[in-house]
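Listed below are the residues making up each chain.
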Amino acid sequence: MFLQAETIPFSRPFLAPGSLERLGSVLSSDHAHGDGPFTRAATEKLKVILGGGGVFLTTSGTHALEMASRLLDLAPGDEVVLPSFTFSSAATAVAMTGARIVFVDIDPATGNIDPEQAAEAVTARTRAISVMHYGGTPVDMAAIATITAGRDIAVIEDNAHGLGVRTELGVLGRIGDLGVQSFHDTKNVHSGEGGALVINDDRYLQRAEIMREKGTNRAQFLRGMVDKYSWVDWGSSYLPSELNAAVLDAQLAVFDEIQFARHAIWNRYAAELAEWAAHVGIRLMNPPGGTHAAHLFYLLMPGADDQTDLIASLRTHGIVATFHYVPLDTSIAGRRYGRALRTLEQSERFSRRLVRLPLWVGMTEAQVDRVIKAVREWRPKREVS
Ligand SMILES: *Cc1c(COP(=O)(O)O)cnc(C)c1O
């Protein structure tokens, strides 16, 4: 008899202690809509992790990116520089304003925007550079700051992967003008769906508050600053329910434990796959200075065929591994809403070679063992030249 081992999923949302109690207390209270006590508690915890900033919980990371576009008043005729290797939300948040996207390549050492190409992509129409810290590995923000210095170009940091990562220039999400967090249930900290906009330039604070409240000054009204609230600006319904905030608050309460558990798995992959990887010509994720958020662990396969081959091989062992972003510049919508600075070879190469391994809080030592053993069994089909 052959016993089929239980499938190891790629990701599994963590249930933080105290989540159900918090949900119960919201449901039995009179306040399940947004901006109640759990929104305040979660926002305070985020501010501690981020070391300040104007923090607004949103319904998703995508919505926080949309708010960033609106706060910058992006409009037709404007351009935004964006890496091709990123999530579609960063692009669609620009496209919805009528501004054009100029796609640039990544640095294959990190998967992050290549600052040299970003500099080259800047024109008189450039209003923003939107960067993403892949896996929480910091973008070279000093190089980005050099590009925007003395120019009216905003920096948006998509920090969906890198909550809490500290760098010499500051905590990720706090370095650019506007930062974005995601609490989708595949992220390190989650509320099912959710996000946050982080404002690092005070001139955006008041409008952000209004936009998030359907374009009204309701927040000022609640603080007793105005005696009625009304429609004062563009807006939408970007504030999450207290139910989502309650789940988020429970997660943030154990943020250090979550990060510790994720780093432990990441460190095992890095240590126990190193020798094998060197032998078969595979490059492992290797963030400069060892700085990352343990959001993901990836391998870069020698050839594009090897990507599908390793994923399929792991699947036969009951292990779900996966690729990641398909370059946006060559996508259907990418061609409609933007243009590439040139052929973006590194994004293409990275995308076709990358395999991500399961990494989630609650993975047992035995499950990590199984992944490592199954990965190490893989051999290239042909000689690596
Ligand atoms: C998850 C993610 C987002 C979007 O977040 P949602 O909360 O799912 O809308 C944006 N950018 C990156 C890099 C992401 O990984």
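Everything below is about the structure printed above this text.
A short tour of the structure in this document, coming up. (Residues numbered from 1 in each chain as written. Predicted model: local features only at pLDDT ≥ 70, side-chain atom pairs only at ≥ 80, totals over all residues. Heavy atoms only, no water.)

## Observations regarding the sheet that holds strand E1 (residues 54-58)
Pairing between the strands of a sheet comes from backbone hydrogen bonds, and it takes one of two forms, parallel or antiparallel. Within the open sheet, the 8 strands sit side by side as E1-E11-E10-E7-E6-E2-E3-E14. Their pairing is mixed. Where the open sheet ends on each side, the last strands, each with one partner, are E1 and strand E14 (338-340). Adjacent strand axes in the sheet meet at a mean angle of 20° when their direction is disregarded. Both strand E3 (residues 100-104) and E14 contribute to a ladder of 3 bridges, which runs parallel. Within E14, the position partnered with Phe103 by the bridge is Ala340. Of the strands in this sheet, strand E6 (126-132) and strand E7 (154-158) touch helix H6 (residues 141-148), which is tilted by about 175° from E6. (Pairing = 2+ DSSP bridges. Helix = DSSP H or I, 4+ residues; strand = E, 2+ residues; numbered from the N terminus. Axes fitted to C-alpha atoms, helices over the stretch in contact; angles between N-to-C directions. Contact = heavy atoms within 4.5 Å.)

## Regarding the pattern of salt bridges
Tallied over the entire structure, the rule returns 17 salt bridges. Here Glu209 makes a salt bridge to Arg223, at a shortest N to O gap of 3.0 Å. Placement of Glu209 in helix H7 (residues 205-212) and of Arg223 in the loop between helix H8 (218-222) and helix H9 (242-253) is noted, with a sequence separation of 14 residues between them. Across the pair Glu365 and Arg268 runs a salt bridge whose closest N-O atoms are separated by 2.9 Å. Of this pair, Glu365 sits in helix H14 (residues 365-376) while Arg268 sits in helix H10 (residues 255-280), placing them 97 residues apart in sequence. For Glu365, a relative accessible area of 55% gives the class exposed. With a relative accessible area of 15%, Arg268 lands in the buried category. A cluster of three or more residues bridged by salt bridges with shared partners is formed by Arg268, Glu272, Glu365 and Asp369. (Salt bridge = Lys/Arg side-chain N within 4 Å of Asp/Glu carboxyl O. Buried < 20%, exposed > 50% of the residue type's maximum accessible area, 1.4 Å probe, protein only.)

## Things to note about helix H1 (residues 19-27)
Buried within H1 we find Ser19, Arg22 and Val26. An end-on view of H1 places all buried positions within 70° of arc, on one side of the element. For H1, the exposed residues set more than 90 degrees away from the buried face come down to Leu20, Glu21 and Leu27. Tucked into the core, H1 has its buried residues touching helix H2 (37-50) and H9. (Arc of directions from axis to C-beta.)

## Details of the site of the ligand
Neighbouring the ligand are 14 residues, the closest being Gly61, Thr62, Asp158, Ser182 and Lys187. Between a nitrogen atom of the ligand and a side-chain N or O atom of Asp158, the distance comes to 2.6 Å. Between the ligand and His161 there is a distance of 2.9 Å, counted from an oxygen atom to a side-chain nitrogen or oxygen. Burial of the ligand by the protein amounts to 93% of the accessible area it has alone, namely 380 Å². Residue classes in the shell around the ligand are distributed as 4 nonpolar, 8 polar and 2 charged. (Near = heavy atom within 4 Å. Polar contact = N/O pair within 3.5 Å; in protein donor to acceptor, adjacent residues only side chain to side chain. Areas by Shrake-Rupley, 256 points an atom, 1.4 Å probe, with all protein chains shown as cover. Nonpolar A, V, L, I, M, F, W, Y, C, P; charged D, E, K, R; others polar.)

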